[in-house]
Amino acid sequence: KTLPYWVILLIDCMIVVLTGVITRYFEVGGNTFVNTFGPFIAGLMACVMFYCIGFKLFHTYSHIIRYSSFTDLFKVGGATIIGATLSLVAGLFVNGNLPNIVMPGLRETLIILVISTMLMWFIRVLVKSIFDNLRKDFNTKKTFIYGVRSVGVGLAKNIKNQVPQRYSLAGFISPDGELVGQYLVGAKVYNDDENLLRHIIN
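Throughout this document, residue positions are counted from 1 along each chain, in the order its sequence is written. This being a predicted model, a pLDDT of at least 70 is required before a residue's local features are given, and a value of 80 or more before pairs of side-chain atoms are given or counted; all residues contribute to the totals for chains, interfaces and linings. Each side-chain value is derived from all of the structure's non-hydrogen atoms; neither hydrogens nor water enter the calculation.

**Notes on the sheet that holds strand E2 (residues 167-174)**
Read from one edge of the open sheet, 4 strands run E1-E2-E4-E3, paired in mixed fashion. Whereas interior strands pair on both sides, the edge strands pair on one side only; in this sheet they are strand E1 (141-146) and strand E3 (183-184). Between any two strands, pairing holds if DSSP finds at least two bridges. Helix numbering and strand numbering both begin at the N terminus, where a helix is a DSSP run of H or I of at least 4 residues and a strand a DSSP run of E of at least 2. Pairing of E1 with E2, which is carried by 6 bridges, proceeds in the parallel orientation. Counted as the bridge partner of Tyr146 is Ile173 from E2. The contact criterion used throughout is that any non-hydrogen atoms of two residues lie within 4.5 Å. Only the stretch in contact is used when fitting a helix axis, every axis being a line fitted to C-alpha atoms; angles between N-to-C directions are given from 0 to 180 degrees. Against the sheet, helix H6 (residues 150-160) makes contact with E1, E2 and E3, and its axis sits at roughly 170 degrees relative to E2, the strand it touches most.

**Things to note about the pairing of strand E4 (residues 187-191)**
For a regular strand, the rule is simple: side chains alternate between the two faces of the sheet. Where E2 lies against E4, 3 bridges are found, and the strand directions are parallel. Note that in E4 the partner of Phe172 across the bridge is Val189. Relative to E4, E3 runs antiparallel, the two being bridged by 2 bridges. From the neighbouring strand, Tyr183 faces E4, where its bridge partner is Lys188. The antiparallel pairing of E3 with E4 creates a hairpin that spans 2 residues between the two strands, and Val185 there sits at a positive phi of about 50 degrees.

**Remarks on the confidence of the model for the protein**
Averaged over every residue, the pLDDT of the protein is 85; the share at 70 or more is 87%. In predicted models, pLDDT denotes the confidence assigned by the predictor to each residue on a 0 to 100 scale. Ranking the elements of the protein by mean pLDDT puts helix H7 (residues 194-201) last with 61 and helix H3 (residues 37-58) first with 94.

**Structural notes on helix H1 (residues 5-28)**
For a helix, the expected span equals 1.5 Å multiplied by the number of residues minus one. Its 24 residues place the ends of H1 35 Å apart at the C-alpha level, agreeing with the 34 Å of an ideal helix rising 1.5 Å per residue. When accessible area is computed with a 1.4 Å probe and restricted to protein chains, residues below 20% of their type maximum are described as buried, those above 50% as exposed, and intermediate ones as partly exposed. Buried within H1 we find Val7, Ile8, Asp12, Cys13, Ile15, Val16, Thr19, Gly20, Thr23 and Arg24.

**Considerations on the nonpolar core**
Ranked by internal contacts, the top residues of the largest apolar core, which has 14 residues, are Val16, Tyr51, Phe55 and Met120. At the level of secondary structure, the elements contributing two or more residues to this core comprise H1, H3, helix H4 (70-94) and helix H5 (106-135). Tyr51 has contacts with Val16, Thr80, Gly83, Ala84, Ser87, Ile112 and Leu113, leaving out every residue within four places of it along the chain. By convention a nonpolar core is built from buried Ala, Val, Leu, Ile, Met, Phe, Trp, Tyr and Cys residues, the set being connected through side-chain atoms within 4.5 Å.

**Comments concerning the pattern of salt bridges**
The rule for a salt bridge is simple: a side-chain nitrogen of Lys or Arg has to be within 4 Å of a carboxyl oxygen of Asp or Glu. Taken as a whole and judged by the stated rule, the model has 3 salt bridges. Across the pair Asp12 and Arg124 runs a salt bridge whose closest N-O atoms are separated by 2.8 Å. Of the two residues, Asp12 is situated in helix H1 and Arg124 in helix H5; the sequence distance between them amounts to 112 residues. In this structure, Asp12 and Arg124 share a single accessibility class: buried. Its salt-bridge partner being Arg107, residue Glu27 comes within 2.9 Å of it at the nearest N-O pair. One end of the pair, Glu27, is in helix H1; the other, Arg107, is in helix H5, and 80 residues separate them in sequence.

Below you can see the structure in the form of structure tokens.
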């Protein structure tokens, strides 16, 4: 059971619009904000169209449950960067030439880019965390994976994607001390220390 892709796309677009309106208000002040509200909203809607191009290219609205790894979040960032870049380019031609449309300036565009990207990341990580927690029950067993290379990481992803979830990934065991202290697939890498691992499990 999943939401239609257009719902996720709509949420992302609303984030861009809301961030743009708030940024505009603090950048120009209340009076200018009210006086130019109509033209700015028109320009902001044009920006949303450019952001949608980025969302389409990177398919950021698909499989949102798994959008918690660095690679997937990087795609969200790439999509918003494309949208911001296209908005800036369009603003060079629109601002001053079309009186009924006001596109965000460079400073506003950068603020919208940073804040909207962070909000999209936060929502995806939050949804992923809630989803993972809802799948756990009292019978879920804490499990360590021996090895930190591609096979171990692949096994960890399979464990996390099980429905219902029978195992809870407690961490990785590094037999040769590689990557100790770092995190893979959201789990910490530990030394091959039996006493330490027993303490963590308990």
